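Remarks on the overall topology
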Amino acid sequence: MNDPRPYRLQERIKLVPERKTPFFSLQHVTVFVRDLDRSIRFYIDQLGFTHAYDVRADPDYRWTAVAPPDGTAVLALIPADPNSEEYKLIGQHTNVAFLTEDITTTFNEWSERQVRFQHPPQRPIWGGLFTVFEDIDGNSFGLVGFDEVTRQIESQKRELAAKLELERRAAYEMDIAKQVQARLFPQTQPALRTLDYSGVCIQARQVGGDYYDFLDLGEQRVGLVVGDVSGKGIAAALMMAGLQASLRSQSAIAADQPQTLLRLANRLFYENTNDNSYATLFFAEYDDRSQRLRYSNCGHLTPILLRSGERVGALESTSTVLGLFDDLESRIGEVQLHSGDVFLIYTDGITEALNESGEEFGTERLLSTLRRSSDLPAKKLLEMVIDEVQKFSSNEQQRDDMTLIVAKCFG
């Protein structure tokens, strides 16, 4: 370059975290040489460049590209025909300058390797340090040392690169966590003769603390579980995974004793979380033979039970939340279901979804949706509820996980 002043870099370098335009970059700078093999050895052995690539257009035409250690620039070394105009350019100043962080060290190392410099590093009026070196054909290049402005720019570039790498790794790890958590939700569900049921969790973030499950309790019984762990993000997701593992493992030990099952799960949750961690939980055991629903509401929202289009709110809290105390005293409630009854367990992400006016979706809208669509199968009814909530809050960002189980008795 004609004017190698380092401060010009500040005008040219633009730190852009995300490239939104098609890729556009300098491919190479051409340097004409007499003997290609000798030049390659010079750039690689004496300057420490790397061999970038070779181009062979035909048996008689070849050129080679070399790059400095950081690989950001490429020189195309092209042997010129002695009878060509290009041959006259050999041995001239190339108007190319390289930038080095420590020009004194580079000068000393290259001098020991017999690289010829026109003068030692000098401090011109524009600041920094500058010298000129020649290759084996006398082609000359500028060598510029960092000044304070350039150091700041390079430091910013390194910091940005490190930040982008951290963000890339975090996004990758979060995606893995999302996939792992997705596998924690039920992949299959026990088939029942008298109950049609379906569940879903739509997370506000990539991972979250809401939880639902279908537990096979044997003897034609299924456990319907919805939980909401305190907190958000990775911490809540980890606690959710621990709670899910506890309930599944304890259901194999105390499948016919809901109080014991919940007490054991509470103890494990209490022992493996900090003092401020807790989870609300609704656990229901449905017996396919008797159509009886036994339940324990551990500080969770009251589920909705519709009988022939009427609301029955009799499934209130029977226990404290999980995880705050080392022992859990829980009552077991019981209700008989009949054909056509619709049962819905949900988290507050459903009823507390906001519209653009700051108004909550609320229990009444949820109940109205159920009444209008109570003749639909459980999965369709669940989709209808989610659709209504999302339309209500379409202009607002989802703030909390939305989880629900819809069950419909048809025995």
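Residues numbered from 1 in each chain as written. Predicted model: local features only at pLDDT ≥ 70, side-chain atom pairs only at ≥ 80, totals over all residues. Heavy atoms only, no water.

Quick look at the sheet that holds strand β14 (residues 304-307)
If you walk across this open sheet you meet the 5 strands as β9-β18-β17-β14-β15, and the pairing is antiparallel. Strands at the two margins of the open sheet, each flanked by one partner only, are β9 (195-202) and β15 (310-312). For this sheet the average axis-to-axis angle between neighbouring strands, irrespective of direction, equals 20 degrees. Bridge count for β14 against β15 is 3 bridges, and the pairing is antiparallel. Its bridge partner lying in β15, Leu305 is registered against Val312. The strands that helix α8 (residues 362-373) touches are β14, β15 and β17 (342-346); relative to β14, the one it contacts most, it runs at about 35 degrees. Helix-sheet contacts for helix α9 (residues 378-392) involve β9, β17 and β18 (402-409), and the interaxial angle to β9 is about 30 degrees. (Pairing = 2+ DSSP bridges. Helix = DSSP H or I, 4+ residues; strand = E, 2+ residues; numbered from the N terminus. Axes fitted to C-alpha atoms, helices over the stretch in contact; angles between N-to-C directions. Contact = heavy atoms within 4.5 Å.)

Quick word on the packing of helix α5 (residues 233-253) against helix α6 (residues 258-271)
At a minimum axis separation of 9 Å, α5 and α6 run at an interaxial angle of 145 degrees. Like other packed secondary-structure pairs, α5 and α6 cross with a definite hand, here right-handed. Contacts from Met239, Leu243, Ser246, Leu247, Gln250 and Ser251 in α5 reach Leu261, Leu262, Leu264, Ala265, Leu268 and Phe269 in α6. (Left-handed = near helix turned anticlockwise from the far one by under 90°.)

Describing the side chain of Thr302
With respect to the helices and strands, Thr302 occurs in the loop between β13 (292-298) and β14. Filtering out sequence-adjacent residues up to four positions away, Thr302 remains in contact with Asn297, Leu315, Glu316 and Tyr346.

Considering a nonpolar patch on the surface
The grouping of Tyr172, Ile176 and Val180 at the surface amounts to a nonpolar patch, some 290 Å² of accessible area in total. Along the chain, Tyr172 falls in helix α4 (residues 148-184). (Patch = residues over 30% accessible without salt bridge, like charges linked within 9 Å, V, L, I, M, F, W, Y side chains within 5 Å. Areas by Shrake-Rupley, 256 points an atom, 1.4 Å probe, with all protein chains shown as cover. Salt bridge = Lys/Arg side-chain N within 4 Å of Asp/Glu carboxyl O.)

Remarks on the packing of aromatic side chains
Summed over all chains, the structure comprises 18 aromatic pairs. With a centroid separation of 5.0 Å and 75 degrees between ring planes, the pair formed by Trp110 and Phe133 is classed as edge-to-face. Here Trp110 is found in helix α3 (residues 103-112), whereas its partner Phe133 is found in strand β7 (residues 130-134), with 23 residues between them in sequence. The exposure class assigned to Phe133 is buried, which follows from its relative accessible area of 0%. A ring pair is formed by Tyr212 and Phe214, whose centres lie 5.7 Å apart and whose planes are at 70 degrees; its orientation type is edge-to-face. Ring pairing ties together the aromatic residues Phe42, Tyr43, Phe49, Phe98, Phe107, Trp110, Phe117, Phe133 and Phe141, which thus form one cluster. (Phe/Tyr/Trp six-rings, centres within 6.5 Å; stacked < 30°, edge-to-face > 60°. Buried < 20%, exposed > 50% of the residue type's maximum accessible area, 1.4 Å probe, protein only.)

Examining the confidence of the model for the protein chain
Taken residue by residue, the protein chain gives an average pLDDT of 85. The fraction at 70 or more is 91%. Predicted confidence in the protein chain is weakest over helix α1 (residues 9-12), with a mean pLDDT of 36, and strongest over strand β6 (residues 116-117), with 97. Throughout residues 1-17 the model reports pLDDT below 50, and contacts reaching past four residues in sequence, or to other chains, amount to 32 contacts. (pLDDT = per-residue confidence, 0-100.)

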